[in-house]
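# Residue-level structural notes
Listed below, chain by chain, are the residues.
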Amino acid sequence: MSAADLLSAPPSREPSRTSALTRVVIYGLLGIFAVIYILPLLVMVMTSLKPLDEVTGGNMFALPRAPSLDAWAKAWGTTCVGLTCEGIKGYFWNSIKMVVPAVLISTMLGALNGYVLTKWRFSGHRLVFGLMLFACFIPFQSVLIPMATILGKLGQWGNFFTDTIGWSLGFGNPTVNLVIVHTVYGLGFTTLFFRNYYEAFPTELVKAAQIDGAGFFQIFRRILLPNSTPIFVVTVIYQFTNIWNDFLFGATFAAGDQMPMTVALNNVVNTSTGVIEYNVNMAAAIIAAAPTLFVYVVAGRYFVRGLMAGAVKG
Amino acid sequence: MAFLEIEDLRKRFGATEILKGIDLTLDKGGFLVLVGPSGCGKSTLLNTIAGLESISSGVIRIDGETINDLHPSKRDIAMVFQSYALYPNMTVGQNIAFAMEMRRVPKSERDKAVADVAKTLQIEHLLARRPGQLSGGQRQRVAMGRALVRQPRVFLFDEPLSNLDAKLRVDMRVEIKRLHQSTGTTIVYVTHDQIEAMTLATRIAVLKDGELQQVGTPSEIYNTPANLFVADFMGSPSMNFIEARVARANGTASIVIDRDDAAAIAFAVPKSADASRLADGAKVKLGIRPEAVTDTESADRNSANLSKFDSPVEIVEPAGSDTFVVTRLAGKTVTARMRAETVVAPGQNFTFALNLDKAVLFDPATTKRI
């Protein structure tokens, strides 16, 4: 607004009262929505702290009369997943073992792709990037069968190596398979994130490093990566959430004691025999959701900042 | 043999030629300034010397060694960028030491070199800071330190002062000149600022549209510009151009400025021009610097070729040290540079003196100097 506009604008009457009313409306709405959003989690936590008879006999919103962690202990250590009754702890570690390498590998490869696509441009780089973007739009279901074929081949290699050298080198291992699947599937997204971030990264820094004598990987490791924290956090959160929450690939490519947390949780909850132990189910569900929550809380403040980074110049 | 030699250098992007056959040489310890309007190819030329851009044809030699296809890091050059290009994740000390670290120089040697350079540039107290915590001038110093520390054969500066405010720019200009004098390094410097070019250079190369217009010492460029473009581009305020014609009588040529509203001004051919090449009646453009147009009292008394004319004053611009007076001669605006104390008012009819020893003549058809 120019000075002239300020002078010609009529003075606003009683600005304090208007803004007070607005404030009440804003905070009121915020409060209502906060309650709506927190309610499911609250019910889950309360239910998980109640014994089973209190759950089945009582009110869903009632506070637990004698809170106990029995249901949590059972979910973690002794509840039945399918036919084995050793809790979900093994599957929790399955997921960790699968998610951590998959997130790190796909993020690093995405960063490397972004670096090449912006700072070491080759003829046809647009086409390559376009194809990688296209990978973001391929539905999960459509890659199941080709992926199964490829993983089958890897399984054969695994058998071959087991027969000849006594170790499969990881080929055919369900966890390794899932890491491969998620890395391949996530590459389109991670490349997109890093390419757009590095697009705004000053090329003069790369040139200066070249003159200083740094090579391809030295520039990447010493100049680009240390200045990529925001986009790194965004990519890790995105990949972690997606891979941890994946059910389809986990259910398809990993079975038995190798299945990830999400599939195990389904098997706990969807049992068709005996009493449905809501308190144990709730505890298991919270445990299953905890790592993504943890990642958001720890890294969340970077998330919004990272998503906005590069949106505006300066 | 010159230290830096560039022969018939060409650079094409597809069908467009950015550099159209550049020939340049620079002696060891020289300060070459590439100057020209934006888009003239001066930065591209610098980047080809640095090896950041490939060349389409031609030869670049440093100290007799052809470096056309060498990687930037193998050319033994250092570059200061317009944006400084300091690594934001490293401290000032690490920034300066980075190139040596990449070349596996032992830590103790690195530390000593960094300390020496920091002392020269007076940035010792900044070594532990990060670039984000520095002011523009400090960043500029660090960028120079990063280049200096390696003691390269050639320094390349890409418009290093254009991000600084006016006062700091002048300070840093002096600093760079002092650095050049004390270290005797060979420098190639790109700028679009003709004052920077004049003050810093031992040699100036003026570029336009990828073609070299003129190469010479600052005084050659300023006093005997090769063509209208160079004459107009160098100097502030820029040179006055007046339409004139040649008159030949008894074998002697003279220059006549015809005026509609007053008597014509006639004078001998300026000494910079070759009088034998001037045909009777030929049209010429007379170029004369503002400082050669003065009031009659402060006109150069040693000048062999003085002329006077009366004309109404249009505008008076006091600039502190000088006063610029704008008038009109033969339909063209003419700026005169006078002492600050000169009493002159707009609308006043004033007698101007032209020091034609300092004038140059151009052929309007070819735009070249006669």
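Note that residues are indexed from 1 along each chain, following the sequence as it is written. Written order determines the labels here, with chains lettered from A and ligands numbered from 1. Per-residue local features are limited, in this predicted model, to residues with pLDDT of at least 70; the limit for side-chain atom pairs, both in listing and counting, is 80 or more; totals at the level of whole chains, interfaces and linings are taken over all residues.

### Side note on the overall build of chain B
Counted only if it meets this: Comment: elements are numbered from the N terminus, with helices defined as DSSP H or I runs of at least four residues and strands as E runs of at least two. Counting other C-beta atoms within 10 Å of a residue's own tells you its class, since 20 or more makes it buried, 12 or fewer makes it exposed, and anything in between is partly exposed; those C-beta atoms are placed from the backbone. Residues are defined as contacting one another if the C-beta atoms placed from their backbone atoms lie within 7 Å.
Within chain B one finds 8 helices and 21 strands. Counting over 370 residues, chain B shows a buried share of 40%. For chain B, restricting intrachain contacts to residue pairs at least 6 apart in sequence, the fraction spanning at least 24 positions comes to 66%.

### Section: the domain arrangement of chain A
The extent of an interface is frequently quoted as the accessible surface area lost upon association of the parts. Residues and elements named next belong to chain A. Quick note on the threshold: The source of the domain bounds is an automatic or database domain assignment. Asp, Glu, Lys and Arg are counted as charged, while Ala, Val, Leu, Ile, Met, Phe, Trp, Tyr, Cys and Pro are counted as nonpolar; the rest, among them Gly, fall into the polar class.
Its domain assignment divides chain A into domain 1 (13-68) and domain 2 (71-308). Taken residue by residue, the interface counts 8 residues in domain 1 and 9 residues in domain 2. The greatest single-element share of the side of domain 1 that touches domain 2, amounting to 4 residues, is contributed by helix H2 (residues 15-49). Taken together, the residues of the side of domain 1 that touches domain 2 break down into 5 nonpolar, 2 polar and 1 charged.

### Details of the confidence of the model for chain A
Residue and element names in this part refer to chain A. Note the following rule: Each residue carries a pLDDT score, the predictor's confidence in it, ranging from 0 to 100.
Of all residues in chain A, 90% have pLDDT values of 70 or greater, and the mean over the chain is 86. Considering each helix and strand of chain A separately, the mean pLDDT is smallest for helix H1 (residues 3-8), with a value of 47, and largest for helix H5 (residues 89-119), with 94. The low-confidence segment residues 1-9 (pLDDT under 50) makes 1 contact with residues lying over four places distant or belonging to another chain. With pLDDT under 50 throughout, residues 310-314 is counted as low confidence; its partners more than four residues away or in other chains account for 3 contacts.

### A word on the interface of chain B and chain A
Facing the 17 residues of chain B at the interface are 14 residues of chain A. Breaking the side of chain B that touches chain A down by element, the ones donating at least two residues are strand S6 (77-80) and helix H2 (92-102) of chain B. Taken together, the residues of the side of chain B that touches chain A sort by class into 13 nonpolar, 3 polar and 1 charged.

### Section: unusual backbone geometry
Only a minority of non-glycine residues have a phi that is not negative, and only a minority of peptide bonds are not trans. Residues and elements named next belong to chain B. Cis geometry marks the peptide bond from Ser236 to Pro237, where omega comes out at -5°. Among the secondary structure elements, Pro237 is positioned in the loop between helix H8 (228-233) and strand S11 (240-249). Of note, Asp76 is a non-glycine position whose phi angle comes to about 60°, a positive value. Here Asp76 is to be found in the loop between strand S5 (65-66) and S6. Exposure remark for Asp76: the 15 C-beta atoms within 10 Å place this residue in the partly exposed category.

### Observations concerning the pairing of strand S12 (residues 252-257) of chain B
Residue and element names in this part refer to chain B. Stated formally: Following DSSP output, two strands are said to pair if at least two bridges run between them.
Where S11 and S12 come together, 5 bridges link them in antiparallel fashion. Residue pairing across strands places Arg248 opposite Ala253, the latter belonging to S12. The hairpin formed by S11 and S12 contains 2 residues between the paired strands, and Asn250 there has a positive phi angle of roughly 55°. Relative to strand S13 (residues 265-268), S12 is paired through 4 bridges, and the arrangement is antiparallel.

### Looking at the sheet that holds strand S17 (residues 315-318) of chain B
Residue and element names in this part refer to chain B. How we decide: Here, axes are lines fitted to C-alpha atoms. For helices the fit covers the stretch in contact, and angles between N-to-C directions go from 0 to 180 degrees.
Taking strand neighbours across the sheet as the criterion, the 3 strands line up as S17-S18-S19 in an open arrangement whose pairing is antiparallel. Both outer strands of the open sheet, S17 and strand S19 (332-339), are each paired with one neighbouring strand and no more. Here the strands of the sheet are splayed against their neighbours by 25° on average, with no regard to which way each runs.

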